[in-house]
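Residues per chain, in single letters:
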Amino acid sequence: VARSMTAFTALPARLLLAAAVLFFCLALPAMADDAANIALFQSRYQAMHEAFQSRDRATMQAIFAEGFVSIDLNDQRMTAQQGIERILAAPKANGKDGATEVLSVVVSGDTAKVVQRYRTTGTKTSSDGRSHAMEMMARSTDTWIAADGVWRLQETRTDEMEMKADGIQIFRKMRDEN
């Protein structure tokens, strides 16, 4: 009886070992692809940030796919041209620092779904002359399409936005999916 129990308990251990080996053989290349895709899109967001900071209209236009649309939390839509005009008309953001972090990427053929979070910080002087630390975070789901070997942004859909003043949340809204 002891011998058959040992063989019986060894079987699940062997299956578990085989499953672990199979998992690592299949998952490690996928994780490497994920890391490469995250790095690729991280560089595209960095290029977009630099184009916005330098106010380079041609570079900004080259980032967007034809028919690009930005959809905010209120389902208001903005085209690439409208967004570029808004950036060019706005005063330069002195004393502000912003960065995008790519959270996930799923590539299917020539389309990629990217979930990213943009954070910016800065200071604002209130009417009483006091300076306040400000922070804004927006999480979005973006669709990128590849054309001629270049990934271009086709759609950005804001899913969440939060603002803080001196570390205290003053605004937070999430997309209502109903």
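Residues numbered from 1 in each chain as written. Predicted model: local features only at pLDDT ≥ 70, side-chain atom pairs only at ≥ 80, totals over all residues. Heavy atoms only, no water.

Visitor: Sorry if this is basic, but what is going on with the overall build of the protein here?
Guide: Scanning the protein from terminus to terminus reveals three helices and seven strands. Seen in sequence order, the protein has helices and strands lined up from the N terminus as α-α-β-β-α-β-β-β-β-β. The contacts of the protein with a sequence gap of at least 6 include a subset with a gap of at least 24, amounting to 51%. Accessible area for the protein stands at about 11800 Å²; split by element, carbon and sulfur atoms hold 58% of it. (Helix = DSSP H or I, 4+ residues; strand = E, 2+ residues; numbered from the N terminus. Contact = heavy atoms within 4.5 Å. Areas by Shrake-Rupley, 256 points an atom, 1.4 Å probe, with all protein chains shown as cover.)

Visitor: Explain the nonpolar core to me, please; I cannot follow it from the model alone.
Guide: Soluble globular proteins: nonpolar side chains tend toward being buried together. If you look at the biggest cluster of nonpolar residues, it comprises 17 residues, and the most contacted ones within it are F41, Y45, V114 and W144. Broken down by secondary-structure element, the contributors of at least two residues to this core are α1 (2-54), α2 (57-63), β1 (64-71), α3 (80-89), β3 (97-108), β4 (111-125) and β6 (150-165). When residues no more than four places from it in sequence are discounted, the contact partners of V114 are F41, Y45, V102, S104, V105, S140, T141, D142 and W144. (Core = buried A, V, L, I, M, F, W, Y, C linked by side-chain atoms within 4.5 Å. Buried < 20%, exposed > 50% of the residue type's maximum accessible area, 1.4 Å probe, protein only.)

Visitor: Which parts of the structure should I look at to understand the packing of aromatic side chains?
Guide: A ring pair, where both rings are aromatic, is described by two values, the distance of the centres and the angle of the planes. All told, the structure shown has four aromatic pairs when counted by the stated rule. Summarising the aromatic geometry, the rings of F64 and F68 are spaced 4.5 Å apart at their centres and angled 45° between planes, so their arrangement reads as tilted. In terms of burial, F64 and F68 fall into one category: buried. (Phe/Tyr/Trp six-rings, centres within 6.5 Å; stacked < 30°, edge-to-face > 60°.)

Visitor: Honestly, the environment of F171 in this entry has me stumped. Any pointers?
Guide: Tracing the chain through its elements places F171 in strand β7 (residues 168-174). Through-space distance from the C-alpha of F171 to that of M161 is 7.8 Å; in sequence the pair is 10 residues apart. If near-sequence neighbours (up to four positions away) are discounted, F171 is found in contact with M161, E162 and M163.

Visitor: Can you help me understand the pairing of β3 in this one?
Guide: The side chains of a regular strand alternate, residue by residue, between the two faces of the sheet. Where β3 and β4 come together, 11 bridges link them in antiparallel fashion. Opposite V102, over in β4, you have Q116 as the bridge partner. What sits between the antiparallel neighbours β3 and β4 is a turn of two residues, in which G109 has the positive phi angle 65°. (Pairing = 2+ DSSP bridges.)

Visitor: Just checking my understanding: could you explain the pattern of salt bridges for this structure?
Guide: Any two side chains of opposite charge can pair, given that their charged atoms come close. Counted according to the given criterion, the structure contains 10 salt bridges. Note that E101 is salt-bridged to R117, the shortest N-O span being 2.8 Å. Here E101 is found in strand β3, whereas its partner R117 is found in strand β4, with 16 residues between them in sequence. Note on R117: relative accessible area 23%, which makes it partly exposed. Residue R139 pairs with E160 through a salt bridge whose shortest N-O separation is 3.1 Å. Highlighted residues: R139 in strand β5 (residues 131-147) and E160 in strand β6, separated in sequence by 21 residues. Residue classification places E160 among the buried positions, given a relative accessible area of 9%. Each of D75, R139, D159, E160, R172 and R175 takes part in one network of salt bridges that share partners. (Salt bridge = Lys/Arg side-chain N within 4 Å of Asp/Glu carboxyl O.)

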